[in-house]
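Structural overview
Here is how the chains run, residue by residue.
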Amino acid sequence: PLNIGGRISALAMHPSDMSTIYAGAASGGIFKSTNTGQSWIPVFEDAASLSIGDIAIADADPDIVWVGTGEANAGGGSMTYDGDGVYLSEDGGNSWMHKGLTDIGSVGRVAVDPRDPDVVYVAAMGRLFSNNPDRGIFRTTDGGGTWDKVLYLNDSTGGIDIVVHPLHPDTLFACMWERGRTPDRRTYGGQGSGIFRSYDGGESWTRLAGGLHEAELR
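Per chain, residue numbering runs from 1 following the sequence as it is written. pLDDT decides what is reported in this predicted model: residues at 70 or higher carry local features, side-chain atom pairs at 80 or more are listed and counted, and totals for whole chains, interfaces and linings draw on all residues regardless. Excluding hydrogens and water, the side-chain figures rest on all heavy atoms present in the structure.

1. Description of the overall build of the protein chain
Short version of the rule: A run of DSSP states H or I qualifies as a helix once it reaches four residues; a run of E qualifies as a strand once it reaches two. Both are numbered from the N-terminal end. When we talk radius of gyration, it's over C-alpha atoms, and the globule rule is simply 2.2 Å times the number of residues to the 0.38. Buried, partly exposed and exposed residues are distinguished by accessible area as a fraction of the type maximum, computed with a 1.4 Å probe on protein chains only: under 20%, between the cut-offs, and over 50%, respectively. The contact definition used throughout considers only heavy atoms, calling two residues in contact when any of these lie within 4.5 Å.
Along the protein chain, the regular secondary structure elements total zero helices and 17 strands. Here the C-alpha radius of gyration of the protein chain, 17 Å, is about what a compact globule of 218 residues would show, namely 17 Å. Summarising its shape, the C-alpha atoms of the protein chain cover approximately 45 × 40 × 30 Å along the three principal directions. Residues counted as buried form 50% of the 218 residues belonging to the protein chain. Put simply, 44% of the contacts in the protein chain that link residues at least 6 apart link residues at least 24 apart.

2. Description of the nonpolar core
Selection rule: Definition used in this section: a nonpolar core is a set of buried Ala, Val, Leu, Ile, Met, Phe, Trp, Tyr and Cys residues joined via side-chain atoms within 4.5 Å.
Ranked by internal contacts, the top residues of the largest apolar core, which has 16 residues, are Trp66, Ile104, Val122 and Trp147. Elements that contribute at least two residues to this core include exactly strand 7 (86-89), strand 9 (107-112) and strand 10 (120-124). When neighbours within four sequence positions are excluded, Trp147 is seen to be in contact with Trp66, Val86, Lys99, Leu101, Val120, Val122, Phe138, Arg139 and Thr140. Listed in part, the 14 residues of the second largest apolar core include Ile162, Val164, Leu172 and Trp205.

3. Overview of the side chain of Ser19
Tracing the chain through its elements places Ser19 in the loop between strand 1 (8-13) and strand 2 (21-25). A residue is classified by how much of its surface remains accessible, and Ser19, at 18% relative accessible area, is buried. With sequence-adjacent residues up to four places away left out, Ser19 is seen in contact with Ser33, Thr34, Asn35 and Thr36.

See the structure below:
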C-alpha cells in the first residue's frame, strides 16, 4: 500500500496460508492482504491509536491476532507516536478488543506462546518524552484479562524485543534498551541495556554476559 501514514513498522504472515499478510504502519493502522499482497484492505481504522508497534499471529489459532500500538523505534532524531496499549482480534482482524496496558507508550514486540494463545508477552518501551515505570516485559496468561510486569529495570529502560523459543516455549530472550528523550536531548544506552534470558516463562531472568560487549550497550 502506498497511501498510508508513515513507514511500515510491522509485518506478520499467517503460519500456514502464505497468501495472508498483515502490515502495520508507524502512523497508519493495519492493512491485510489475502492474495499475497496484490491488494490490501484496512482492518484497524476504528482503533483509538493508529501507530503500530508490532503484530503477532498465534500459531495455535491463526485467527487470533495480537497488536501492540505505539512505534518503539525512535532512534536518531526520528519522531514516533505513543499508542494506547494492546489489542486482540479473534476473527482474523475483522473486529478488535482493547486488552489493556494503556500506559506502556510504545511496543517493541509482541510474542505469543505457540502452545497457548492466551499466554502473551509484550516488550514495552514506555512513552517517548517521559520516564515512566510502565515499561519492560509484560505477560498475560489469561488472554489479556490481567497482566504482570515480569521484567523491569528502571523508569528509563524498556523492552525493545522478546522472542519465545519455538521448541521450548518456557525459554525466553528479551532485549532491554535504556533510552531518554526530551525536546532538546536524546540519550541512548546505559546500564539498563542488555539481553536477558528466562527458562521459566518469565518468572525469573538472568542478564547474559560472556562475549557480549562489556561497556554500556546502546
